[in-house]
Amino acid sequence: QAEYPVKELAFQDVADVEYIPLETTDSSLISSVQYMFVSDNEIITYNHQTGSVIIFDRTGKYKSSFSHQGESEKEYVYALGMTVDFDAKEIYIFDYRGLAPSKVKVYSFTGDYLRSLPTVADSLRFEIMDYDKDNLFAEDVAHTDLAEHLIDAFKPSQEPYYLISKQTGEIQPLKLHVDDRLRNQINETLLLERDYSETLSITIPIYPVSKCGKEIFVADFGLDTIYSLQAGQWTPVAAKVNRQTSHGSVIMTEVCMQSEKYLLLNTFDKRLLRKNPPNCPDPVFYLYDKASGKIEIVEFFNRDGISYKEMLSLRGGLPCSSYSILPANTMRFCYSSSYLLEKLEKGELKGKLKEVAEKLDVEDNPVLVLVKFKE
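All of these numbers come straight from a predicted model, not from anything done at the bench.

Q: How should the overall build of the protein be read in this particular structure?
A: Per the secondary structure count, the protein includes five helices and 26 strands. The 375 residues of the protein split such that 52% are buried. Long-range contacts, defined here as pairs at least 24 residues apart, represent 55% of the contacts in the protein between residues at least 6 apart. When the accessible surface of the protein is split by element, carbon and sulfur atoms take 48% of a total near 17500 Å².

Q: Looking at this model, I keep getting lost on the pairing of strand S6 (residues 62-67). Mind explaining?
A: Where strand S5 (residues 52-57) and S6 come together, five bridges link them in antiparallel fashion. The residue bridging Ser52 from the neighbouring strand is Ser67, located in S6. The antiparallel pairing of S5 with S6 creates a hairpin that spans four residues between the two strands, and Gly60 there sits at a positive phi of about 95°.

Q: Explain helix H4 (residues 337-345) to me, please; I cannot follow it from the model alone.
A: Working note: α-helix, 3.6 residues per turn, so residues spaced by three or four point in the same direction. Listed in full, the buried residues belonging to H4 are Ser337, Tyr339, Leu340 and Lys343. Seen end-on, H4 carries its buried residues on one side only, within an arc spanning 160°. Packing partners of the buried residues in H4 comprise helix H3 (308-312), strand S25 (330-335), helix H5 (351-357) and strand S26 (367-373). Directly after H4, the chain includes Gly347, whose backbone phi takes a positive value near 75°.

Q: Honestly, the sheet that holds strand S13 (residues 161-165) in this entry has me stumped. Any pointers?
A: Adjacent strands of a sheet form backbone hydrogen bonds with each other and so pair up, either parallel or antiparallel. The four strands are arranged S11-S12-S13-S14 in an open sheet whose pairing can be described as antiparallel. In this open sheet, the two edge strands, each paired with only one partner strand, are strand S11 (126-130) and strand S14 (171-173). Between one strand axis and the next, the sheet turns through 30° on average, direction left out of account.

Q: Any chance you could explain the packing of aromatic side chains here in plain terms?
A: Any aromatic ring pair is given by two values, namely how distant the centres are and how the planes are angled relative to each other. Within the structure shown, the criterion is met by 20 aromatic pairs. Their ring planes at 65° and their centres at 5.9 Å tell us that Tyr227 and Trp234 sit as a pair that is edge-to-face. Comparing Tyr227 with Trp234 shows no difference in burial state: the two are buried. Ring plane angle 65° and centroid distance 5.4 Å describe the contact between Phe333 and Tyr335, whose orientation is recorded as edge-to-face. Among the aromatic residues, those joined into a ring-pair cluster are Phe11, Tyr262, Phe285, Phe300, Phe333, Tyr335, Tyr339 and Phe373. We note Arg125 situated over the ring of Tyr96; from NZ or CZ to the ring centre the distance is 4.5 Å.

Q: What am I meant to see in the pattern of salt bridges here?
A: Any two side chains of opposite charge can pair if their charged atoms end up close together. Applying the stated criterion to the full structure yields 20 salt bridges. Glu18 serves as the salt-bridge partner of Arg58, at 3.0 Å between the closest nitrogen and oxygen. With a gap of 40 residues between them, Arg58 in the loop between S5 and S6 and Glu18 in strand S2 (residues 15-21) connect regions that are remote in the sequence. Put simply, Lys133 and Asp134 hold a salt bridge, and the shortest N to O gap is 3.2 Å. The class for Asp134 is partly exposed, based on a relative accessible area of 41%. Salt bridges linked by common partners bring Glu139, Arg181, Arg183 and Asp220 together as one network.

Q: Where do I start with the sheet that holds strand S4 (residues 42-47) in this structure?
A: In space, the four strands of this open sheet follow the order S3-S4-S5-S6, with antiparallel pairing throughout. Both edges of this open sheet fall to strand S3 (36-38) and S6, since each of them pairs with a single strand only. In this sheet, adjacent strand axes meet at a mean angle of 15° when their direction is disregarded.

Q: Explanation requested: the environment of Leu349 in the structure shown.
A: Summarising the element assignment, Leu349 is placed in the loop between H4 and H5. You can call Leu349 buried: its relative accessible area is 5%. Spatially, the C-alpha atom of Leu349 lies 7.7 Å from that of Ile306, the residues being 43 residues apart in sequence. Contact partners of Leu349, with chain neighbours within four places excluded, come to Asp304, Ile306, Leu340, Lys343, Leu344, Lys354 and Ala357.

Q: What's the story with unusual backbone geometry in this structure? I'm lost.
A: What is expected of a backbone is that most residues other than glycine have negative phi and most peptide bonds are trans. One non-glycine residue with positive phi stands out, namely Ala231, at about 55°. You can see Ala231 is positioned in the loop between strand S19 (225-230) and strand S20 (233-239). The exposed category is assigned to Ala231, whose relative accessible area is 75%. The phi dihedral of Asn329 is positive, around 65°, even though this residue is not glycine. Looking at the secondary structure, you find Asn329 in the loop between H3 and S25.

Cut-offs used in this document
- Residues numbered from 1 in each chain as written.
- Predicted model: local features only at pLDDT ≥ 70, side-chain atom pairs only at ≥ 80, totals over all residues.
- Heavy atoms only, no water.
- Helix = DSSP H or I, 4+ residues; strand = E, 2+ residues; numbered from the N terminus.
- Buried < 20%, exposed > 50% of the residue type's maximum accessible area, 1.4 Å probe, protein only.
- Contact = heavy atoms within 4.5 Å.
- Areas by Shrake-Rupley, 256 points an atom, 1.4 Å probe, with all protein chains shown as cover.
- Pairing = 2+ DSSP bridges.
- Arc of directions from axis to C-beta.
- Axes fitted to C-alpha atoms, helices over the stretch in contact; angles between N-to-C directions.
- Phe/Tyr/Trp six-rings, centres within 6.5 Å; stacked < 30°, edge-to-face > 60°.
- Lys NZ or Arg CZ within 6 Å of the ring centre and 35° of its normal.
- Salt bridge = Lys/Arg side-chain N within 4 Å of Asp/Glu carboxyl O.

Function-wise, these values are silent; they only describe arrangement.
Written as structure tokens, this is what we have:
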């Protein structure tokens, strides 16, 4: 919350930028991008509207897809969480079933059902992430950010982080205590008439868990310290000074990327959103240069034609690493085809992005953008 110098910075000045148009077919339509998993050979994502897992090759060419949405033992009702083990070629989906027991369903890259992992406690609601060859990492998001009239009845877990065995589903708690648990939603109950109210729910595009290469970062919004998790041990990475509780100022923080040279943080002030729903506040990006110890607020732009203000509009794509699998030192975002075609028609695109946009149709899938920071 201190004052820092502000610096405009083109992605191309500190990173290599790669554009990957995701091929559009009847079987590969993407309505929105929440999960994105990228290896040297495949790109895997999920369409929430159809319940489909979609697999592309590394160039964005469509390879295959499957959907097992349903209520049988081998199907998933609602994919609350998803992750991928590229080495084992397995896809994990946390099948949330409300009051019924939830399980992690495991599928092959060809869509074959392999096994189910029971989560023991029915009350757990997991976001999941690949951790190592034997375990998944899990965050219990149950009862976080409830509307005020529910807060007294339901309490979020104060030890919300776990490892889950990929073979047995055995859960191992990771000892990280969070007294003041909150997440990235605002749920405000609005009294519309004397006997009628409505809950306004807003999700801010920032998450406490991210992964950079093989390292998982936890910037829990209720803690002052940001940790990395390696070999089952928490290692402090950075700390926030003068943090207040959820009853006061809350600066939510996500680790976008860490390399040998840089630490990049994405932050939102949740207090500002509470004061002015549903208008989402602008994020603030902090870049820490490890060699010099210098911290700057950076206003990123894409030299191929996307300004900083456009990036903040969400149409220009906010950088993100949360609940993704990406190459080391990399963050990702997406440009919609309709957005790029608007920019192309106005003559505002340049370079490789212009070349990509010239081959798009307005109903095509989004273009995946990978920004890999240089060492």
